[in-house]
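Each chain, letter by letter, is given below.
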Amino acid sequence: LRHEVERAGQLSVVECRLVLEPGVPERVLIDPDATAEAISNLLDNARRHALTIVGVRVYTRSGQLLIEVFDDGPGLPAGAEEQAFERFVTLDGRGGTGLGLSIAREISQRQGGDLSYRHKAFVLTLPLNPPARAQGVAGSGGKKARLPAS
């Protein structure tokens, strides 16, 4: 996670912030490669729309790991929150293939989670204790990934 945030900062003139809230376990059972791809897609999207800041906030709630990616740009147009996740949909005319959000959502769902848009932030939700079917996701077989210290 830290690597993806640092990469976004290197590719951009905006400030990138990472916040790990208290209570986030040091290790979680996820597909680290797939999750890194999803986060990379979210950070690339945020970087394109940010005015000055891109942020990532990691926290837990009700047995879920939540990774919130936000920026200080205009946000999605009202009513387009679900449309943004459709394949080949671009809402801003700034380029892109319209696949990043769709891929990120699919990656989260394969791990028993989801990706949503709430309060001007994309929220990647993953179970802290994934169901057996989600532990065998392609790529890593559900390895324990180490989260960065804040």
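Refer to the structure printed above.
Description of the structure in this document. Per-chain numbering applies: the sequence of each chain, read as written, is numbered from 1 onward. Confidence filtering applies because this is a predicted model: local features only for residues at pLDDT of at least 70, side-chain atom pairs given and counted only at 80 or more, and all residues used for totals across whole chains, interfaces and linings. Working from all heavy atoms in the structure, the side-chain values ignore hydrogens and water.

**Digging into the packing of aromatic side chains**
And then number 1: Only rings of Phe, Tyr and Trp enter the pairing, Trp through its six-membered ring, and a pair is recorded when the two centres are within 6.5 Å. The plane angle decides the type: under 30 degrees is stacked, over 60 is edge-to-face, the rest tilted. One pass over the structure, following the stated rule, counts one aromatic pair.
And then number 2: Charge over a ring is defined by NZ of Lys or CZ of Arg lying within 6 Å of the ring centre and within 35 degrees of the ring normal. Taking the ring centre of Y59 as reference, the NZ or CZ of R57 above it sits at 3.8 Å.

**Quick notes on helix α2 (residues 32–49)**
And then number 1: Helix and strand definitions follow DSSP, with helices as H or I runs of at least four residues and strands as E runs of at least two, each counted in order from the N terminus. Multiply 1.5 Å by the residue count of a helix minus one, and that product is the helix's expected span. Helix length check: α2, at 18 residues, gives a terminal C-alpha distance of 26 Å against a target of 26 Å (1.5 Å per residue), a fit within 8%.
And then number 2: Remark: exposure states derive from per-residue accessible area (1.4 Å probe, protein chains only) relative to the maximum for the residue type, with buried under 20%, exposed over 50%, and partly exposed in between. When α2 is considered as a whole, its buried residues turn out to be A34, T35, A38, I39, S40, N41, L42, L43, D44, N45, A46 and H49.
And then number 3: For the purposes of these results, a polar contact is taken to be a pair of N or O atoms within 3.5 Å, where, inside protein, one atom must be able to donate a hydrogen and its partner to accept one; residues adjacent in sequence count only when each atom of the pair is a side-chain atom. Between a side-chain oxygen at the N-terminus of α2 and the backbone nitrogen of D33 the separation is 3.2 Å; the capping residue is D31.

**Remarks on the pattern of salt bridges**
And then number 1: Between Lys or Arg on one side and Asp or Glu on the other, a salt bridge is scored when a side-chain nitrogen of the former is within 4 Å of a carboxyl oxygen of the latter. All chains considered together, the criterion is met by five salt bridges.
And then number 2: One salt bridge connects E21 with R57, and the closest N-O pair in it is separated by 3.3 Å. Taken as a pair, E21 in the loop between β1 (15–20) and β2 (27–29) and R57 in strand β3 (residues 53–61) lie far apart in primary sequence, 36 residues in all.
And then number 3: Each member of the salt-bridge network shares a partner with another, and the members are E21, R57 and E68.

**Notes on the nonpolar core**
Nonpolar side chains tend to gather and get buried jointly when the protein is soluble and globular.
And then number 1: Counting 26 residues, the largest nonpolar core has L42, V58, I67 and L124 as the members making the most contacts within it.
And then number 2: Sorting the residues of this core by element identifies α2, β3, β4 (64–71), α3 (100–110), β5 (114–118) and β6 (121–127) as the ones contributing at least two each.
And then number 3: The greatest single-element share of this core, amounting to six residues, is contributed by α2.
And then number 4: Whether two residues are in contact is decided by their heavy atoms: any pair within 4.5 Å suffices. With residues up to four places along the chain from it excluded, the contact list for L124 reads T35, I39, L42, L65, L66, I67, A104, S108, D114 and L115. The term nonpolar core refers to a set of buried residues drawn from Ala, Val, Leu, Ile, Met, Phe, Trp, Tyr and Cys, joined through side-chain atoms within 4.5 Å.

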